[in-house]
Every structure is written in structure tokens, then in C-alpha cells.
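# Results of the structural survey
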Amino acid sequence: MAGLVESIAKALVSRPADVVVTEEGNGNEIVIKLSVAKEDMGKIIGKQGRIAKAIRTVVKAAAIKENKRVTVDIVEE
């Protein structure tokens, strides 16, 4: 799941080297934290949060196949 989030985020930002994705999980619950450069936050969140919502939707769809629950948190560096 973390690889999926990382590849999507790197395609969207202007500084892909600053994209950091960490994955924490216990059992069926996984928390993925996405950190990007401050100037790229707007590109990841999008207007009215549409890009962030789309990222979360894609990851949740992939998680359903594995019977897992995934939360994607976007944090500032």
C-alpha cells in the first residue's frame, strides 16, 4: 500500500525526492503517513481536498482486495 501512495504522490509533486511514506500496521488496520515538501502540499491536497480524497479512495479500493483497513494521513514535513 505504501508503494502505491508513494508512486502517486511522486507523480504529482514538483520535488519527488522529498516524498516520504511510512506505513504502520497491526492486524487488519494500516496507517500510511504521507509527507511532502511544504510547497507541494497544495498539489497533494488539491482544490477542496479532491486529490487527497482520490488518493484515499484508490488505496482503500486496493486494501479491500486484501481484507485490510487503510487510513492515509497527509502530514507536513
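See the structure above.
These figures come from a predicted structure and were not determined experimentally.

## Some remarks on the overall build of the protein chain
- Along the protein chain, the regular secondary structure elements total three helices and three strands.
- Along its sequence from the N terminus, the protein chain presents helices and strands in the succession α-β-β-α-α-β.
- Relative to a compact globule of 77 residues, whose C-alpha radius of gyration would be 11 Å, the protein chain shows 12 Å and is just as compact.
- Considering the protein chain as a whole, with its 77 residues, one finds that 30% of them fall into the buried category.
- In the protein chain, of all internal contacts separated by at least 6 residues, the share reaching a separation of at least 24 is 56%.
- As displayed, the protein chain offers around 4,900 Å² of accessible surface, 51% of which is attributable to carbon and sulfur atoms.
- Here the protein chain contributes 13 positively and 11 negatively charged side chains, and the mean placements of these two sets differ by 8 Å.

## A word on the pattern of salt bridges
- Summed over the entire model, instances satisfying the criterion amount to five salt bridges.
- Linking Lys 10 and Glu 6 is a salt bridge whose minimum nitrogen-to-oxygen distance equals 3.1 Å. On the criterion of helical spacing, the pair formed by Lys 10 and Glu 6 is a turn pair, its members being four residues apart in helix H1 (residues 2-12).
- For Glu 6, a relative accessible area of 28% puts it in the partly exposed group.
- The closest approach of N and O atoms between Arg 69 and Glu 29, which form a salt bridge, is 3.9 Å. Linking Arg 69 in strand S3 (residues 69-76) with Glu 29 in strand S2 (residues 29-36), this pair joins segments that are 40 residues apart in sequence.
- Taken together, the shared-partner salt bridges in this structure form one network comprising Arg 15, Asp 18 and Glu 39.

## Section: the side chain of Asp 18
- Mapped onto the elements, Asp 18 comes out in the loop between H1 and strand S1 (20-26).
- Classification of Asp 18 by relative accessible area gives buried; the value is 18%.
- Here the side chain of Asp 18 touches Arg 15 through a polar contact of 2.4 Å, side chain to side chain.
- When sequence neighbours within four positions are dropped, the list of residues in contact with Asp 18 reads Ser 35, Val 36, Ala 37 and Glu 77.

## Observations regarding the nonpolar core
- Ile 32, Leu 34, Val 59 and Val 70 are the most contacted members of the largest nonpolar core, which has 18 residues in total.
- Put simply, the parts of the chain that give this core at least two residues each are H1, S2, helix H2 (41-45), helix H3 (50-65) and S3.
- The dominant element in this core, judged by the number of residues it contributes, is S2, at four residues.
- What Val 59 contacts, discounting residues up to four positions off in sequence, is Met 1, Leu 4, Val 5, Ile 32, Val 70 and Val 72.

The rules we used
- Residues numbered from 1 in each chain as written.
- Predicted model: local features only at pLDDT ≥ 70, side-chain atom pairs only at ≥ 80, totals over all residues.
- Heavy atoms only, no water.
- Helix = DSSP H or I, 4+ residues; strand = E, 2+ residues; numbered from the N terminus.
- Rg over C-alpha atoms; globule rule 2.2 N^0.38 Å.
- Buried < 20%, exposed > 50% of the residue type's maximum accessible area, 1.4 Å probe, protein only.
- Contact = heavy atoms within 4.5 Å.
- Areas by Shrake-Rupley, 256 points an atom, 1.4 Å probe, with all protein chains shown as cover.
- Lys, Arg positive; Asp, Glu negative; His and termini not counted.
- Charge placed at Lys NZ, Arg CZ, Asp CG, Glu CD.
- Salt bridge = Lys/Arg side-chain N within 4 Å of Asp/Glu carboxyl O.
- Polar contact = N/O pair within 3.5 Å; in protein donor to acceptor, adjacent residues only side chain to side chain.
- Core = buried A, V, L, I, M, F, W, Y, C linked by side-chain atoms within 4.5 Å.

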